[in-house]
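Coordinate analysis (summary)
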Amino acid sequence: MSQQFFGVLFGLAAFMAWGFLPAYWKQMQVVSPLEILCHRIVWSCLFLALIISFQKRWGEVRSIANIPATLKGLVFSGFLIGLNWFVYIWAVNSGRVVETSLGYYINPMINVLIGYLLLGERFSRLQCFAVFFALAGVVYSLVTYGSLPMFALTLAVTFSLYGYCRKKSSVAPILGLFVETIVLFVPALGYILYRAIFFDTYFLNDLQLTLWMVGAGVVTSLPLLWFAASAKRLNLSTIGILQYLAPSIAFVLGVFVYKEAFTHHNLITFGCIWIGVFLYIWEPLLKNRLKNRLKNRLKNRG
């Protein structure tokens with residue numbers, strides 16, 4: 001019971017932190033998305049290096065570096081998560097917080113499609129309906145606006161592909177993220193130095209913005225540690241429900257705090273996605289309930 005309790009607490013901490021992340025990036029609106037991304041990579045890498053040093057896990061890092069196939073996979077997943085981070089920061093600081101929440105609502109349905117196309121998994125009936133409603137929402141957005149919600153779709157697809165790559169890898173979350181960020185560390189640091197030498201930059205010239213930039217490493221890495229701790233203690237169906245806390249918080253921030261436009265067309269798009277989300281969540285809950293009933297019957301018979 002205590003394991004589950006702490007698992008829920010860690011899960012809530014992780015997904016709430018990810019949900020409030022737009023508010024963090026908004027503090028650096030005057031900084032270009034690319035510069036914020038580079039600081040996020042550099043300070044995340046350094047923060048993770050401190051944690052790995054504290055945990056004395058450098059031997060594991062060296063063993064990863066000695067396996068070319070694993071290293072190659074982490075290089076690719078590193079570019080995927082880097083692209084995801086860049087698009088997310090860009091979207092938030094250009095007034096698209098609501099669209100980012102749409103992307104992370106769609107994400108599980110993209111996972112289902114990737115499972116079907118790349119892992120040979122089969123749709124259940126409820127998953128079919130969930131994907132159908134998600135696609136209906138995207139198609140409605142295309143018909144209404146004449147364009148696709150590209151920020152949302154890019155976030156959903158890149159994060160799903162990133163999840164697929166990490167699923168194929170047996171590397172622990174902290175070590176994997178460290179290798180991914182160290183791959184991007186040199187170009188990110190190079191860009192920061194380039195900005196500092198040849199252009200005006202807020203880094204080290206504005207104390208408040210400098211602290212926000214350095215803190216990007218902490219707000220990137222800590223939720224991942226909390227998520228890893230939660231995943232060890234909870235079953236996947238519980239984590240699957242908790243994950244919707246993040247886009248829900250982002251949605252509330254976008255509509256009610258940052259006053260982004262939310263028309264009846266947006267409501268229909270989100271309505272379709274929310275129905276898909278409900279069906280996606282309902283399936284593991286239903287399976288869990290049937291499993292518990294079966295256990296109780298067998299116990300009573302015994």
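Residues numbered from 1 in each chain as written. Predicted model: local features only at pLDDT ≥ 70, side-chain atom pairs only at ≥ 80, totals over all residues. Heavy atoms only, no water.

With respect to the packing of aromatic side chains
For the coordinates displayed, the defined rule picks out 26 aromatic pairs. With a centroid separation of 4.9 Å and 80° between ring planes, the pair formed by tyrosine 24 and tryptophan 212 is classed as edge-to-face. Within this pair, whereas tyrosine 24 is found in helix 2 (residues 21-26), its partner tryptophan 212 is found in helix 10 (residues 207-233), the two being separated by 188 residues in sequence. Overall, the relative accessible area of 13% leaves tyrosine 24 in the buried class. Summarising the aromatic geometry, the rings of phenylalanine 132 and phenylalanine 133 are spaced 5.5 Å apart at their centres and angled 75° between planes, so their arrangement reads as edge-to-face. Given a relative accessible area of 23%, phenylalanine 133 falls into the partly exposed group. Counting every residue linked through ring pairs, the aromatic cluster contains Tyr105, Tyr244, Phe251, Phe262, Phe270 and Trp274. A cation sits over an aromatic face here: lysine 26 above tyrosine 258, 4.8 Å from the ring centre. (Phe/Tyr/Trp six-rings, centres within 6.5 Å; stacked < 30°, edge-to-face > 60°. Helix = DSSP H or I, 4+ residues; strand = E, 2+ residues; numbered from the N terminus. Buried < 20%, exposed > 50% of the residue type's maximum accessible area, 1.4 Å probe, protein only. Lys NZ or Arg CZ within 6 Å of the ring centre and 35° of its normal.)

What about the nonpolar core?
Counting residues in hydrophobic clusters, the biggest one holds 71 residues, and the most contacted among them are Trp25, Met28, Tyr88, Ile106, Phe178, Ile273 and Val277. When residues in this core are grouped by element, the largest group, 10 residues, is from helix 6 (residues 97-118). Setting aside its immediate chain neighbours within four residues, valine 277 contacts Tyr105, Met109 and Tyr244. Within the second largest apolar cluster, 5 residues are counted, among which are Phe15, Leu234, Leu242 and Ala246. (Core = buried A, V, L, I, M, F, W, Y, C linked by side-chain atoms within 4.5 Å. Contact = heavy atoms within 4.5 Å.)

Brief notes about the pattern of salt bridges
Under the counting rule described, the total for this entry stands at 4 salt bridges. Across the pair arginine 195 and glutamate 35 runs a salt bridge, and its minimum N-O distance is 3.6 Å. In this pair, arginine 195 sits in helix 9 (residues 173-198) while glutamate 35 sits in helix 3 (residues 33-55), placing the two residues 160 residues apart along the sequence. On the basis of relative accessibility, which here comes to 2%, the residue glutamate 35 falls in the buried class. Between glutamate 180 and arginine 166 there is a salt bridge, with its nearest N and O atoms 3.3 Å apart. Linking glutamate 180 in helix 9 with arginine 166 in helix 8 (residues 150-168), this pair joins segments that are 14 residues apart in sequence. Look at glutamate 180 and you get buried, because its relative accessible area is 1%. Arginine 166 gets classed as buried once you look at its relative accessible area, which sits at 15%. (Salt bridge = Lys/Arg side-chain N within 4 Å of Asp/Glu carboxyl O.)

Looking at helix 6
In a regular helix each residue adds 1.5 Å, so 22 residues correspond to 32 Å; helix 6 covers 30 Å between its end C-alpha atoms and thus fits that length. Considering bend angle alone, the principal kink of helix 6 is centred on asparagine 107 and spans about 35°; proline proline 108 follows within four residues of it. The positive-phi residue at the C-terminal boundary of helix 6 is glycine 120, with phi of around 70°. (Expected span 1.5 Å × (residues − 1). Bend = angle between axes of the 7 residues up to and from the residue.)

Things to note about the side chain of serine 101
Structurally, serine 101 can be placed in helix 6. For serine 101, a relative accessible area of 1% translates into the label buried.

As for the environment of alanine 134
Structurally, the position occupied by alanine 134 is in helix 7 (residues 125-145). Among the residues examined, alanine 134 registers a relative accessible area of 5% and is labelled buried. Put simply, alanine 134 and isoleucine 110 are 24 residues apart on the chain and 9.2 Å apart in space, counted from C-alpha to C-alpha. In this structure, alanine 134 is in contact with Met109, Cys272 and Ile273, ignoring residues within four places of it in sequence.

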